[in-house]
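Listed below are the residues making up each chain.
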Amino acid sequence: MELLKHQKDKMQVVKKLLLFVLIITLNSCNAQKNNNNKKNYIITKYKSKDKSSCYINLEAFEFENKKNRFYSVYHINNLIFSDHDLKALNENVLKGEFKINAGAVGKEWIRVPKFILKKGDSINIRFYLKDSDEVYDQLVMPKN
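These numbers were taken from a predicted model, which means no experiment stands behind them.

Reading the values: rules and limits
Residues numbered from 1 in each chain as written. Predicted model: local features only at pLDDT ≥ 70, side-chain atom pairs only at ≥ 80, totals over all residues. Heavy atoms only, no water. Core = buried A, V, L, I, M, F, W, Y, C linked by side-chain atoms within 4.5 Å. Buried < 20%, exposed > 50% of the residue type's maximum accessible area, 1.4 Å probe, protein only. Helix = DSSP H or I, 4+ residues; strand = E, 2+ residues; numbered from the N terminus. Contact = heavy atoms within 4.5 Å. Polar contact = N/O pair within 3.5 Å; in protein donor to acceptor, adjacent residues only side chain to side chain. Pairing = 2+ DSSP bridges. Axes fitted to C-alpha atoms, helices over the stretch in contact; angles between N-to-C directions.

Peer 1: I'd like to hear about the nonpolar core, residue by residue, with values.
Peer 2: Ranked by internal contacts, the top residues of the largest apolar core, which has 22 residues, are Ile56, Leu58, Ile100, Phe115, Leu117, Ile125 and Phe127. Within the residue set of this core, elements represented by two or more residues are β2 (54-62), β3 (73-76), β5 (89-93), β7 (100-103), β9 (115-117) and β10 (121-129). Apart from the residues lying within four places of it in its own chain, the contact partners of Phe115 are Gly96, Glu97, Phe98, Ile100, Ile123 and Ile125.

Peer 1: Can you tell me about the environment of Phe61, naming the residues and giving the values?
Peer 2: Its place among the elements puts Phe61 in strand β2. Not counting residues up to four positions away in its chain, the partners in contact with Phe61 are Lys66, Lys67, Asn68, Arg69, Phe70, Arg126, Phe127, Tyr128 and Leu129.

Peer 1: Describe the environment of Lys107, naming the residues involved and giving the relevant values.
Peer 2: Here Lys107 is to be found in the loop between β7 and β8 (110-111). Look at Lys107 and you get buried, because its relative accessible area is 9%. Each residue touching Lys107, except ones within four places of it in the same chain, is listed here: Glu62, Glu64, Phe70, Leu129, Lys130, Asp131 and Ser132. Here Asp131 takes part through its side chain, which lies 2.5 Å from a polar atom of the side chain of Lys107.

Peer 1: Before we move on, could you go through the sheet that holds β2 and cite the residues and values that matter?
Peer 2: Reading across the sheet, the 4 strands line up as β1-β10-β2-β5 and stay open at both edges, with mixed pairing between neighbours. The open sheet has two free edges, formed respectively by β1 (41-47) and β5, since each of these has just one partner strand. Neighbour to neighbour, the strand axes of the sheet diverge by 15° on average, direction disregarded. Across 8 bridges, β2 lies against β10 in parallel orientation. Note that in β10 the partner of Ile56 across the bridge is Ile123.

Structure below.
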């Protein structure tokens, strides 16, 4: 009888240990999943004070330190723009559909989904660029 109780106690300990390992494993997987889902851009749409104009405001930051800005290049509908003074690129544009990419030397390029601006719309896009592991002479600007 006592042997049976001893084995039962051992099984309880093994069950608790397995449950503990399972919880740690699931937590670990969930943490990795959450880290991979961090967005590398934030889009905010506004209504302009000037109801007949449209504006695009673009900013680029480091992915790791979200406050550090750096010189970047933007493709807006196959036109190239760059910021030379570490300030946001703010452009008055015509209404319509837009395709925008952002990148920088040593950083991965980001493409945001196409969007449409109507009269009176303004959009702010904050890009968070990750370090690229590509060799500089192999960096190619993406095609729209």
